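Report on the structure
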Amino acid sequence: MSRRLVAGVDTSTQSTKVLVCDADTGEVVREGRAGHPDATEVDPAHWWRAFGEATGDGALLSGVAAIGVGGQQHGMVLLDEDGAVVRDALLWNDTRSAGAATDLIAELPGGAAGWADATGLVPVASFTVTKLRWVAQHEPDNAARAASVMLPHDWITHLLRADTAAGPTTDRGDASGTGYWSPASGSYQPQLLRLAFGRDLAVPRVAGPAEVVGETVAGALLAPGTGDNMAAALGLGLGPGDVVVSLGTSGTVFGVSERPVTDVSGTVAGFADATGRHLPLVATLNAARVLSTVATLLGVDLSTLDELARSAAPGAGGLTLLPYLDGERTPNLPDARGLLNGITRGNATPANLARAAVEGMLCGLADGIDAVRGLGVPVERVLLIGGAAASAAVREVAPALFGVPVSVPDPGEYVALGAARQAAWVLDGGAEAPAWRVPGTAAAAETLAGPAAQTRKVYADVRDRAQALLR
């Protein structure tokens with residue numbers, strides 16, 4: 001009997017990845033990839049070009065019965081009345097709307113608490129709602145042309161439809177990152193969109209978790225798709241007690257919750273997931289690039305940086321790196337810069353600097369784990385994924401700083417895999433997502449004591465003193 005095939009697409013910040021998988025087992029049968037421009041605003045046409053290149057203009061998708069699309073969250077795609085793109089999409093990591101975020105918090109009755117109650121979020125520069133305000137204020141001509149707004153995965157899914165007259169769709173996971181949709185009520189909040197943009201905009205219909213939202217020209221079913229973090233949770237088969245720490249361009253910490261999560265501090269974003277549950281999440285702007293930046297500074301490659309970091313003692317001889325190299329989202333300090341604290345003639349060595357880079361990056365994510373745990377989300381195990389999870393130094397240091405067992409799944413494209421799993425769910429009629437096995441290796445847990453506890457204490461002291469100066 002021939003295999004049933006499904007495809008998952010990850011249209012991420014840096015590239016498009018496509019996996020074709022066995023619908024019953026999740027085994028990857030074939031895959032493709034193509035790059036995106038390295039920028040914080042991008043013409044969405046580049047994503048569609050990359051999809052064509054990654055699929056060999058569709059050849060990779062031969063025999064595929066269903067397709068799901070996972071996409072970078074928050075990206076603002078403005079369209080005119082004819083469906084043409086008005087301006088380059090502003091991506092999640094574009095921080096020019098930081099002032100707009102501050103203004104929006106002040107303008108809503110209740111401030112941060114009012115936003116958290118209404119949407120599960122407190123505006124920061126990453127969220128779509130702040131980008132809409134920025135365009136309304138700074139590009140009135142573009143704002144006047146805009147008739148609708150989509151997210152990156154919405155746009156790709158819509159272009160894949162054979163019948164575009166049906167109208168665009170999104171899903172609850174990606175909608176929950178806009179700042180104008182409520183995970184608690186499951187509905188858009190048009191008054192917040194009007195507050196941001198000054199008038200109404202058309203928005204995609206929010207489809208159910210396993211709803212068929214259309215078909216491709218080739219007859220493959222289209223799944224609703226979702227945001228990248230929600231797709232990764234699907235790809236990893238995330239369950240209660242599991243928390244993911246993803247170390248890619250950004251750093252994220254997220255876990256599964258059965259109830260909506262509200263954090264008035266804005267540290268934890270109360271997202272929805274792709275299954276009908278919730279996905280409280282902490283995001284940082286600085287993760288894997290912290291390591292690559294320090295490697296460049298030292299004039300070494302990443303494997304040598306790894307060796308140097310492993311050769312240094314915990315605590316890096318007193319060096320502490322606050323890794324706000326691209327500003328920061330959590331804490332909300334978009335104009336911040338990195339800080340190297342405690343340097344002396346005695347500890348100024350390549351090994352200590354490499355160790356401080358690893359520890360600084362992970363301490364920022366450990367703060368995120370604490371924040372998620374503080375809202376009642378159980379943290380029994382961390383799944384470590386993303387490019388920097390390949391680092392031996394990261395895998396050794398993480399269990400001590402996180403204070404819980406750490407499992408490192410085999411390297412994989414978990415966003416695309418989750419999108420493919422959603423496609424298989426749709427193909428099976430939506431009763432239950434297929435149970436695909438995720439292979440991985442477990443690392444022994446280390447208690448948060450001794451050197452690890454001291455490292456986190458010193459990092460927290462440096463972080464708090466620096467924040468007091470930056471705010």
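Residues numbered from 1 in each chain as written. Predicted model: local features only at pLDDT ≥ 70, side-chain atom pairs only at ≥ 80, totals over all residues. Heavy atoms only, no water.

1. Here we look at the UniProt feature "active site" (unreviewed entry) in the protein chain
Under the convention used in this document: UniProt positions are given in the numbering used here, feature names are shortened, and annotations may be inferred rather than shown by experiment. Secondary structure elements are defined from DSSP: runs of H or I of at least 4 residues count as helices, runs of E of at least 2 residues count as strands, and each element is numbered from the N terminus. Contacts: residue pairs with any heavy atoms within 4.5 Å of one another. We call two N or O atoms a polar contact when they sit within 3.5 Å, provided that within protein one can donate a hydrogen and the other can accept it, with sequence-adjacent residues counted only if both atoms are side-chain atoms.
Per the UniProt record, "active site" (unreviewed entry) is annotated on Asp-228. With respect to the helices and strands, the residue Asp-228 is situated in helix H9 (residues 228-235). With near-sequence residues (within four places) excluded, Asp-228 lies in contact with Gly-71, Gln-72, Gln-73 and Val-415. Looking at Asp-228, its side chain comes within polar contact range of the side chain of Asn-229, at 3.3 Å.

2. Comments concerning the environment of Gly-32
Put simply, the rule is: Accessibility here uses a 1.4 Å probe with only protein chains present; expressed as a share of the type maximum, an area under 20% marks a residue as buried, one over 50% as exposed, and anything in between as partly exposed.
Tracing the sequence through the fold places Gly-32 in strand E3 (residues 28-35). Under the relative-accessibility criterion, Gly-32 is labelled buried at 16%. As for Gly-32 and Glu-211, which are separated by 179 residues in sequence, their C-alpha atoms are 26 Å apart. Look past the residues within four positions of Gly-32 in its chain and what remains in contact with it is Thr-16, Lys-17, Val-18, Ala-54 and Leu-60.

3. A closer look at the UniProt feature "domain: Carbohydrate kinase FGGY N-terminal" (unreviewed entry) in the protein chain
The UniProt entry lists residues 6-221 under the feature "domain: Carbohydrate kinase FGGY N-terminal" (unreviewed entry), expressed in the numbering used here. The distance separating the terminal C-alpha atoms of residues 6-221 is 9 Å; by composition the span is 31% helix and 25% strand.

4. Things to note about the packing of H9 against helix H14 (residues 414-427)
For any two helices packed against each other, one specifies the inter-axial angle together with the distance between the axes. The criterion, for reference: For helices, the axis comes from a line fit to the C-alpha atoms of the stretch in contact; other axes are also lines fit to C-alpha atoms, and the angle between any two N-to-C directions lies between 0 and 180 degrees. Any angle between 65 and 115 degrees counts as roughly perpendicular, while under 35 counts as roughly parallel, over 145 as roughly antiparallel, and the rest as oblique. Lys, Arg, Asp and Glu make up the charged group, whereas Ala, Val, Leu, Ile, Met, Phe, Trp, Tyr, Cys and Pro make up the nonpolar group; the residues left over, Gly among them, are polar.
Relative orientation of the contacting elements H9 and H14 amounts to 75°, with a least axis distance of 7 Å. It follows from the interaxial angle that H9 and H14 lie roughly perpendicular. On the side of H9, the interface is formed by Asp-228, Ala-231, Ala-232, Leu-234 and Gly-235, while H14 contributes Tyr-414, Val-415, Leu-417, Gly-418, Ala-419, Arg-421 and Gln-422. A per-class count over the contact of H9 with H14 returns 7 nonpolar, 3 polar and 2 charged.

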